[in-house]
Amino acid sequence: MKLFSKRFLKKLAFSGVVTLVLLIIAEIILSALQIFPTDYYTNTPNSGFVWEINPDEIIGIDQDSEVIFDELGARSISNHKDASHKMIVFGGSTAACFALTQEKSWPALVEKKLGDQYWVGNFGRPGNNSSHHVLQFKHMLEKPELKDTKTVLVMQGVNDLVAYLISSERYLNMPQLKLKKFAFQHIPDDHLSWHRRLTLYKLASRAKKNILFYFNHKDHLTKTVLDIRDLRKKSKIIEELPDLTAGLTRYEANVKAMIQLAKEKNVRLVFVTQATMWKPNLEPQYEELMLTSGFQNNEAFYSTTALYGGMELFNQRLKTICAQNNIPCIDLQLPKTTASFYDDFHFNESGAELTSDQITKELKVILE
């Protein structure tokens, strides 16, 4: 007895052909609608998410964080079309400020304090270091909407230090395509295989990500903080950092590359050093809040004193390069307490306020 009749197989083949034709038509229509960005964007335009915050664990933050990206993929609180002075912010998580709801992030506060003529587009992206910022500087300012940008503000340093500690080889020699994929949420499709360029494939991937985010990520910050705090208590603490010479050399090259790009694009460049809670003999109640490992997969943790020394070297290198090239550098100085941070270097609400106060004060002098 035949498992399938000839008639059934014909119906199955016909259904398959019809389904294929419908998928092709759907792909053509969806592609014409240009649902997905095909250019460089640090974050998905016109998108957003909410992080649930537990104020009992994340000290100094009293509400959930709403993160919204505008049509340029920037975290902003106004329309770039209405401003006479466009200012762009590049940086890692300390610039992105995802733990703080939109209007309480320090770039948003800087915009408010500078006045209505300013638009501050926050393109901060967690985990990014100076190698990523060079690429962002190069590609984002090529957008027609941003070619008239007047000021670029870069807060960096801590991700360079930590990335070098975790893997000096990866920090120094990561291929350009991998750098781009981490610097941008979206890049042009020319690097993708044919099926990954399909709009239907991208829609399926987005649906999967949204489902995973809903179930696993909305309380990501609080869960991550608690998990790492618990792990650190059980882990080996390393008191000395490795030789940072090669990392500092690459950092210097990246800073100089941004200075050159600023000259080519005729924009004012301002750097901001990285403020942290790290210091020798950090008080025990703050030591308990430290989360940074400096090792792959958090297999051990560098001591707070060691990380402080490394951060000082990167900050000093930045200040020296800026002084040599007559580039403004805001040396951010904050209380090394929960008045500024909820962990090693991420700002809480009062920390963002203090940060915006100092940056705004110095920017007003620089921009005169």
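Residues numbered from 1 in each chain as written. Predicted model: local features only at pLDDT ≥ 70, side-chain atom pairs only at ≥ 80, totals over all residues. Heavy atoms only, no water.

S.K.: Please explain a nonpolar patch on the surface as it appears in this structure.
M.R.: On the surface, Phe14, Val17, Val18, Val21, Leu22, Ile25 and Ile29 cluster together into a nonpolar patch covering about 640 Å² of accessible area. For Phe14, a relative accessible area of 59% puts it in the exposed group. (Patch = residues over 30% accessible without salt bridge, like charges linked within 9 Å, V, L, I, M, F, W, Y side chains within 5 Å. Areas by Shrake-Rupley, 256 points an atom, 1.4 Å probe, with all protein chains shown as cover. Salt bridge = Lys/Arg side-chain N within 4 Å of Asp/Glu carboxyl O. Buried < 20%, exposed > 50% of the residue type's maximum accessible area, 1.4 Å probe, protein only.)

S.K.: What is the right way to read the packing of aromatic side chains from this model?
M.R.: Any two aromatic rings considered together are summarised by their centre-to-centre distance and by the angle between their planes. For the coordinates displayed, the defined rule picks out 13 aromatic pairs. Taking 6.4 Å as the distance between ring centres and 55° as the angle between the ring planes, the aromatic pair formed by Phe49 and Phe69 counts as tilted. You can see Phe49 sitting in strand β1 (residues 47-51) and its partner Phe69 sitting in strand β2 (residues 65-69), a full 20 residues away along the chain. Phe69 gets classed as buried once you look at its relative accessible area, which sits at 6%. (Phe/Tyr/Trp six-rings, centres within 6.5 Å; stacked < 30°, edge-to-face > 60°. Helix = DSSP H or I, 4+ residues; strand = E, 2+ residues; numbered from the N terminus.)

S.K.: Explanation requested: the state of the cysteines in the structure shown.
M.R.: What makes a disulfide is a covalent bond joining the sulfur atoms belonging to two cysteines. Evaluated as defined, the whole model comprises zero disulfides. No disulfide involves Cys322; its sulfur sits 4.3 Å from that of Cys329, the nearest cysteine. For Cys322, a relative accessible area of 1% translates into the label buried. Judged by relative accessible area, Cys329 falls into the partly exposed class, the value being 22%. (Disulfide = S-S within 2.5 Å.)

S.K.: Just checking my understanding: could you explain the sheet that holds strand β9 (residues 329-330) for this structure?
M.R.: One key point about sheets: their strands pair by backbone hydrogen bonds, in either a parallel or an antiparallel sense. On the basis of which strands lie adjacent, the open sheet formed by five strands has the order β4-β3-β5-β7-β9 and parallel pairing. Two strands in the sheet have a free side with no partner beyond their single neighbour: β4 (118-122) and β9. Relative to β9, strand β7 (residues 268-272) runs parallel, the two sharing two bridges. Bridging across to β9, Val272 finds its partner in Ile330. Here helix α4 (residues 130-140) sits on the sheet and contacts β3 (85-91), β5 (151-155) and β7; the angle it forms with β3, its principal contact strand, is near 150°. (Pairing = 2+ DSSP bridges. Contact = heavy atoms within 4.5 Å. Axes fitted to C-alpha atoms, helices over the stretch in contact; angles between N-to-C directions.)

S.K.: Would you mind showing me how to read the pattern of salt bridges here?
M.R.: As enumerated under the stated definition, the model contains 14 salt bridges in all. Lys113 is the partner of Glu353 in a salt bridge, and the nearest nitrogen-oxygen pair spans 2.6 Å. With Glu353 in helix α13 (residues 349-366) and Lys113 in helix α3 (residues 106-114), this pair connects stretches of sequence that are 240 residues apart. For Glu353, a relative accessible area of 34% gives the class partly exposed. Here Lys113 falls in the partly exposed class, since its relative accessible area comes to 26%. A network of salt bridges, in which partner residues are shared, links Lys113, Glu353 and Asp357.

S.K.: Explain the nonpolar core here, please?
M.R.: Nonpolar side chains tend to gather and get buried jointly when the protein is soluble and globular. The biggest cluster of nonpolar side chains holds 93 residues, and the ones touching the most others in it are Trp106, Phe137, Leu269, Phe271 and Leu363. Among the elements that line this core, the one with the most residues is helix α10 (residues 245-265), at seven residues. When near neighbours in sequence (up to four residues on either side) are disregarded, Leu269 contacts Phe137, Val152, Val154, Met258, Ile259, Ala262, Ile327 and Pro328. (Core = buried A, V, L, I, M, F, W, Y, C linked by side-chain atoms within 4.5 Å.)

S.K.: Sorry if this is basic, but what is going on with unusual backbone geometry here?
M.R.: Glycine aside, residues mostly have negative phi, and peptide bonds are mostly found in the trans state. Phi is positive for Asn46, which is not a glycine, with a value near 55°. Note that Asn46 resides in the loop between α1 (6-33) and β1. Of the residues examined, Asn46 reaches a relative accessible area of 63% and is grouped as exposed.

S.K.: What am I meant to see in the environment of Ser78 here?
M.R.: Position of Ser78 among the secondary structure elements: in the loop between β2 and β3. Along the backbone, Ser78 and Asp116 are 38 residues apart, and their C-alpha atoms lie at a distance of 9.1 Å. Beyond its immediate sequence surroundings of up to four residues, Ser78 is in contact with Glu111, Tyr118 and Trp119.

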